[in-house]
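A structural walkthrough
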Amino acid sequence: MSADAGEQGSARRDEATAAGDAGEAPASRQRVAYFGRPGTFSHEVASRRFGVSADLAPRRTISEVFDAVAGGAATYGVVPIENAVGGPIYDTVDQLIRREGTGAALVVCEELSLHVTLSLLGRAGAAPKRIYSHFVPLKHCGDWLRERYPDAQILEAESTAEAVERAAQDGEAWAIGNKGAAAIYGLEILVPKLGVKGENITRFFVVGKTAEPPPSGGRTLLLFGLDHRPGALVAALSALGRHHINLTRIVSRALPDSPEEYLFLVECEGSTEEPAFKDALALLEQHATGVRSLGSFRVSRKYE
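Everything numeric in this text was worked out from a predicted model, so none of it was measured.

1. Focus: the overall build of the protein chain
Looking only at helices and strands, one finds nine helices and 15 strands in the protein chain. Relative to its full complement of 304 residues, the protein chain shows a buried share of 50%. Carbon and sulfur atoms make up 49% of the accessible area of the protein chain, which totals about 13,800 Å².

Structure below.
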């Protein structure tokens with residue numbers, strides 16, 4: 001479904017499911033939880049991926065998306081994992097890591113990406129006194145805003161949808177966000193596409209309870225620890241390199257109860273179904289501790 005053509009209908013479905021999880025969705029329909037409110041980019045990706053065949057359920061936090069899937073209130077969850085400018089989304093990283101080995105653990109089933117187009121939304125007329133947006137769009141557009149609206153106060157919001165909602169409630173404010181949110185919150189699209197340097201790509205994970213590995217290709221998300229000794233990380237990554245496993249992302253996170261020790265979340269090309277990948281994992285286990293897969297998954301096309 002096109003996000004622009006179907007935002008209002010999708011928002012109504014979202015509001016109905018957001019009221020609570022007391023009622024089960026019909027067996028023929030999936031329920032998909034996503035991070036944020038109607039009008040966010042997560043909402044757009046969930047809408048375009050699952051369309052009218054699913055009930056979309058907004059969740060206030062990334063943790064609540066994971067809770068919805070782990071508890072059976074949703075089949076899948078859609079959460080951001082990385083922005084080209086803002087970098088990794090650590091709330092998603094931490095949920096994947098901290099839930100591993102518990103009854104609430106989830107795996108990655110699919111990767112989606114969106115070429116984000118930022119729009120200026122508000123009511124035409126006098127220049128705004130306040131302009132709201134999430135911190136990542138403000139990194140892209142901060143200089144542009146300050147140059148054109150030097151007297152406006154630039155304010156951060158929890159999400160682009162919250163920014164648009166604040167602007168809708170404040171007659172002297174505008175917002176930077178998804179143009180699909182304009183119809184939801186009753187604002188005008190003042191500038192459809194803001195010029196920014198470079199591509200603004202945000203990547204998303206579709207998370208679920210059960211891995212859905214492709215027979216070949218795709219990517220795999222690995223989690224492991226290391227002994228505290230020189231060269232441990234180099235040895236671990238070399239184990240993958242010997243089997244020609246290409247790394248696409250690596251993120252380290254300190255253990256909450258032991259801040260001098262780290263876990264490593266490594267994304268690499270290939271599937272655990274491939275013989276060469278299985279050999280690489282066997283070698284990795286000789287150089288790392290607690291090696292486990294958080295899912296082999298397909299990489300879907302980028303939404304423009």
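2. Let's talk about the pairing of strand S9 (residues 173-177)
Taken across its five residues, S9 has five buried, putting it largely inside the fold. Examined bridge by bridge, strand S6 (residues 119-122) and S9 share three bridges and lie antiparallel to one another. Looking at the pairing, Leu120 lines up with Ile176 of S9.

3. Details of the environment of Val79
Looking at where Val79 falls in the secondary structure, it is placed in strand S3 (residues 76-83). Along the sequence, Val79 and Tyr34 sit 45 residues apart, while their C-alpha atoms lie 6.2 Å from each other. Among residues more than four places away in sequence, those in contact with Val79 are Ile62, Val65, Phe66, Thr92, Arg203, Phe204, Phe205 and Val207.

4. Structural notes on the nonpolar core
Core analysis: the biggest nonpolar cluster contains 30 residues, and Val78 and Tyr149 have the highest contact counts within it. Contributing elements (two or more residues each) for this core: strand S1 (30-35), helix H2 (41-50), strand S2 (54-59), S3, strand S5 (107-115), helix H5 (135-148), S9 and strand S11 (201-208). In this structure, Val78 is in contact with Val32, Ala33, Tyr34, Phe35, Ser42, Val45, Ala46, Phe50, Val65, Phe204, Phe205 and Val206, ignoring residues within four places of it in sequence. One finds Ala33, Ile97, Val108 and Phe297 within the second-largest nonpolar core, a separate group that totals 26 residues.

5. Re the sheet that holds S9
Pairing in this open sheet of five strands is mixed, and the strands run S8-S7-S9-S6-S10 from one edge to the other. This sheet does not close on itself; its edge strands, each paired only once, are strand S8 (153-156) and strand S10 (188-191). Across this sheet, the average inter-strand angle for adjacent strands is 30°, counted without regard to direction. Helix-sheet contacts for H5 involve S6, strand S7 (130-133), S8, S9 and S10, and the interaxial angle to S8 is about 170°. Across the sheet, helix H6 (residues 160-169) is in contact with S6, S7, S8 and S9; its angle to S9 comes to roughly 160°.

6. Quick look at the packing of helix H3 (residues 62-70) against helix H4 (residues 90-99)
When two helices pack together, their arrangement is given by the angle between the helix axes and the distance between those axes. The contact between H3 and H4 brings their axes to 9 Å, and the two run at 40°. Here H3 is positioned oblique relative to H4, judged by the angle of their axes. Handedness of the crossing formed by H3 with H4: right-handed. Along the contact surface, H3 presents Ile62, Ser63, Phe66, Asp67 and Ala70, while H4 presents Asp91, Thr92, Gln95, Leu96 and Arg99. Taken together, the residues of the contact of H3 with H4 sort by class into four nonpolar, three polar and three charged.

7. Here we look at the packing of aromatic side chains
The full count for this structure, using the stated rule, is five aromatic pairs. Judged by centre distance (5.3 Å) and plane angle (85°), the rings of Tyr149 and Trp174 are edge-to-face. Note that Tyr149 is positioned in the loop between H5 and S8 and Trp174 in strand S9, a separation of 25 residues in sequence. Neither Tyr149 nor Trp174 differs from the other in exposure class; each is buried. The ring of Phe50 carries the charged tip of Arg49 above its face, separated from the ring centre by 4.6 Å.

8. Some details on the side chain of Arg203
Relative to the elements of secondary structure, Arg203 occurs in strand S11. A distance of 3.0 Å separates a polar atom in the side chain of Arg203 from a polar atom in the side chain of Glu267. Ignoring sequence-local partners within four residues, the contact set of Arg203 consists of Val79, Pro80, Ile81, Glu82, Glu111, Leu112, Ser113, Arg219, Arg249 and Glu267.

9. Notes on the layout of surface pockets
Each pocket or cavity is described by its volume, and for the largest pocket that value is around 520 Å³. Tallying contributions element by element places H5 first for the lining of the largest pocket, with three residues.

10. With respect to the side chain of Thr202
Position of Thr202 among the secondary structure elements: in strand S11. A polar contact is formed between the side chain of Thr202 and the side chain of Asn83, at a distance of 2.8 Å. Ignoring anything within four residues of it in the chain, the contact list for Thr202 reads Pro80, Glu82, Asn83, Leu112, Ser113, Leu114 and Val116.

11. Side note on unusual backbone geometry
A positive phi angle, near 60°, is found at His244, a position not held by glycine. Note on placement: His244 falls in the loop between helix H8 (232-241) and strand S13 (247-255). A relative accessible area of 74% means that His244 is categorised as exposed.

Reading the values: the criteria
Throughout, a residue's number is its position along its own chain's written sequence, starting from 1. Per-residue local features are limited, in this predicted model, to residues with pLDDT of at least 70; the limit for side-chain atom pairs, both in listing and counting, is 80 or more; totals at the level of whole chains, interfaces and linings are taken over all residues. Processing note: side-chain calculations cover all non-hydrogen atoms of the structure and skip hydrogens and water entirely. A helix here means a DSSP run of H or I that spans at least four residues, while a strand means a run of E at least two residues long, and both kinds are numbered starting from the N terminus. Exposed residues in this analysis have more than 50% of their type's maximum accessible area, buried residues have under 20%, and partly exposed residues fall in between, with area computed by a 1.4 Å probe over protein chains only. All accessible-area figures derive from a Shrake-Rupley calculation using a 1.4 Å probe, and residue coverage is judged against the displayed protein chains alone. Pairs of strands are assigned from DSSP output, requiring at least two bridges between the strands. It only takes one pair of heavy atoms within 4.5 Å for two residues to be counted as in contact. Among buried residues, those of type Ala, Val, Leu, Ile, Met, Phe, Trp, Tyr and Cys that are joined through side-chain atoms within 4.5 Å constitute a nonpolar core. Lines fitted to C-alpha atoms define the axes, with helix axes restricted to the stretch in contact, and inter-axis angles between N-to-C directions lie between 0 and 180 degrees. For classification purposes, an angle smaller than 35 degrees is called roughly parallel, one larger than 145 roughly antiparallel, one from 65 to 115 roughly perpendicular, and anything else oblique. Working rule for handedness: look at the near helix, and if it is turned counterclockwise from the far one by less than a right angle, call the crossing left-handed; if clockwise, right-handed. In this classification, the charged set is Asp, Glu, Lys and Arg, the nonpolar set is Ala, Val, Leu, Ile, Met, Phe, Trp, Tyr, Cys and Pro, and all remaining amino acids, among them Gly, are polar. Pairing of aromatic rings covers Phe, Tyr and Trp, the last counted by its six-membered ring, and requires centre-to-centre distances within 6.5 Å; plane angles under 30 degrees mean stacked, over 60 mean edge-to-face, and any other angle means tilted. Two conditions define a charge located above a ring, namely a distance within 6 Å from the ring centre to NZ of Lys or CZ of Arg, and an angle within 35 degrees of the ring normal. Identification of polar contacts relies on pairs of N or O atoms within 3.5 Å, with a donor-acceptor requirement for protein atoms, meaning one able to donate a hydrogen and the other able to accept it, and with residues adjacent in sequence counted only if both atoms are side-chain atoms. Residues are said to line a cavity or pocket when one of their atoms sits within 4 Å of a point; the points come from a 1 Å grid over protein atoms alone, cavities being sets where a 1.4 Å probe fits but cannot get out and pockets being open sets with protein on both sides within 12 Å along at least five of seven lines. Grid points are joined across faces, edges and corners, and a volume is the space filled by probe spheres set on the points.

Keep in mind these values describe shape, not function.
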